[in-house]
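Understanding the architecture of this molecule
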Amino acid sequence: MRKLKAEIIDKLIAARVTGAEIDFVIWLSHYQNEEGLVRGVYYRDAASELRMSYQTFYNVKRSLEEKGVIAVEKDERYHGDWDIRIVGNDFSGEGLAPGKPAHNYLSTGNDVFYSREFYELKANEKLMTMLYIKIAAAGSPSYHIGTGKFFDKYTRLFGVGKRTLQNYLTGIKRFFAVGVKDREYWINPLRRKTGKGCASTDKAERAKQVARGLCRRFKLEEAQKAYQDLKELVEQYTYQVGRAADLELVLTEAVGRVLAVINGSVRPEKWRRRKISGRHVHKVMRECLPESVLL
């Protein structure tokens, strides 16, 4: 579910977020479920993938929470990770009501958001890039606006002067063709080679986060094999389960039951053996799923 609602971008602009805060929100969006929730966010994973220090991670997490962009919950059973929700980025009801229009959103699966060039931009350049990619995806690839109106609108929106705004336009030329014709700015997305973003899928990205979170939270042995087994189960059942159940919670329940059986106790503090079988987890998982999913 690599999406950010238009309102989230507006909130980021209004909150005067930093570049690192934008990066973190996009990172979360790559792994979120339909409700905008990412379970088991681990500081080492985030810091490594975003190339930020551990302290920067903690500063960003705290700042975004204070600004109301994210909501953070800590489960005391697990050390070093959090469940983090992008506030207001809930897509779970989309398409359920007849005639209800789809949300106006930015696809963060766009290859731009896996590019180091994007992460090198200044904060407001990133926000401009997000705005214009969203506009282009909505069916207006050639964004044009009178030069006077452009400066009036965006100097007020970003709280900067005209010269700074011109510098932003120079910065986003990595991703857009920017020109002036008949006293109008024309901004068009550049064609880019397909990269990591386009090559991956929402299902694959989500499966990666769920699997590594379960491996860490249950302290599973032979972690790489366990990770691969769990990742394959998420990918296999994501579309089959759909909204009938929370697949991540079902897998969590299944892994817990398997460990309880092989250790002869339902109390995690007594678990000494933590090597799981993918086939065993699969069997127990199916016992946890609604019958409607298995038909």
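Summarised in this report is the structure supplied together with it. (Residues numbered from 1 in each chain as written. Predicted model: local features only at pLDDT ≥ 70, side-chain atom pairs only at ≥ 80, totals over all residues. Heavy atoms only, no water.)

Phi is positive for arginine 16, close to 55°, though the residue is something other than glycine. Position of arginine 16 among the secondary structure elements: in the loop between helix H1 (6-14) and helix H2 (19-31). At glutamate 222, a position not held by glycine, the phi torsion is positive, near 45°. Of note, glutamate 222 is situated in the loop between helix H10 (202-217) and helix H11 (223-241). (Helix = DSSP H or I, 4+ residues; strand = E, 2+ residues; numbered from the N terminus.)

Once that is clear, we can look at the packing of helix H12 (residues 247-263) against helix H13 (residues 278-288). With their axes 8 Å apart at the nearest point, H12 and H13 run at an angle of 125° to one another. Judged by the angle between their axes, H12 and H13 are oblique. Considering the relative orientation of H12 and H13, their crossing is right-handed. The residues of H13 that touch H12, namely those facing Leu247, Val250, Leu251, Glu253, Ala254, Val255, Arg257, Val258 and Val261, are His280, Val281, Val284, Met285, Glu287 and Cys288. Within the contact of H12 with H13, the residues separate by chemical class into 11 nonpolar, 1 polar and 3 charged. (Axes fitted to C-alpha atoms, helices over the stretch in contact; angles between N-to-C directions. Parallel < 35°, antiparallel > 145°, perpendicular 65-115°, else oblique. Left-handed = near helix turned anticlockwise from the far one by under 90°. Contact = heavy atoms within 4.5 Å. Nonpolar A, V, L, I, M, F, W, Y, C, P; charged D, E, K, R; others polar.)

With that settled, consider the environment of lysine 74. Among the structural elements, lysine 74 can be located in the loop between strand E3 (70-73) and strand E4 (81-86). Taking C-alpha positions, lysine 74 is 9.9 Å from arginine 39, a pair spaced 35 residues apart along the chain. For lysine 74, the residues in contact, after removing those within four places along its chain, are His79, Gly80, Asp81 and Trp82. Here the side chain of lysine 74 touches aspartate 81 through a polar contact of 3.0 Å, landing on its backbone oxygen. (Polar contact = N/O pair within 3.5 Å; in protein donor to acceptor, adjacent residues only side chain to side chain.)

This brings us to the nonpolar core. Formed by 59 residues in total, the largest nonpolar core has its most connected members in Phe24, Met130, Tyr132 and Phe150. The leading source of residues in this core is helix H6 (residues 123-137), at 8 residues. Setting aside chain neighbours within four positions, we find methionine 130 in contact with Leu4, Ile9, Leu12, Ile22, Ile26, Leu106, Phe113 and Phe118. Within the second largest apolar cluster, 29 residues are counted, among which are Val210, Phe218, Leu251 and Val258. (Core = buried A, V, L, I, M, F, W, Y, C linked by side-chain atoms within 4.5 Å. Buried < 20%, exposed > 50% of the residue type's maximum accessible area, 1.4 Å probe, protein only.)

Moving on: helix H7 (residues 147-158). Here H7 contains 12 residues, and its C-alpha end-to-end distance of 16 Å stays within 8% of the 16 Å for a straight helix at 1.5 Å per residue. Listed as buried for H7 are Phe150, Phe151, Tyr154, Thr155 and Phe158. Buried positions in H7, seen along its axis, are confined to an arc of 105° and lie on one side of it. Summarising the geometry of H7, the exposed residues directed more than 90 degrees from the buried face are Gly148, Lys149 and Arg156. One or two residues past the end of H7 sits glycine 159, with phi positive at roughly 65°. (Expected span 1.5 Å × (residues − 1). Arc of directions from axis to C-beta.)

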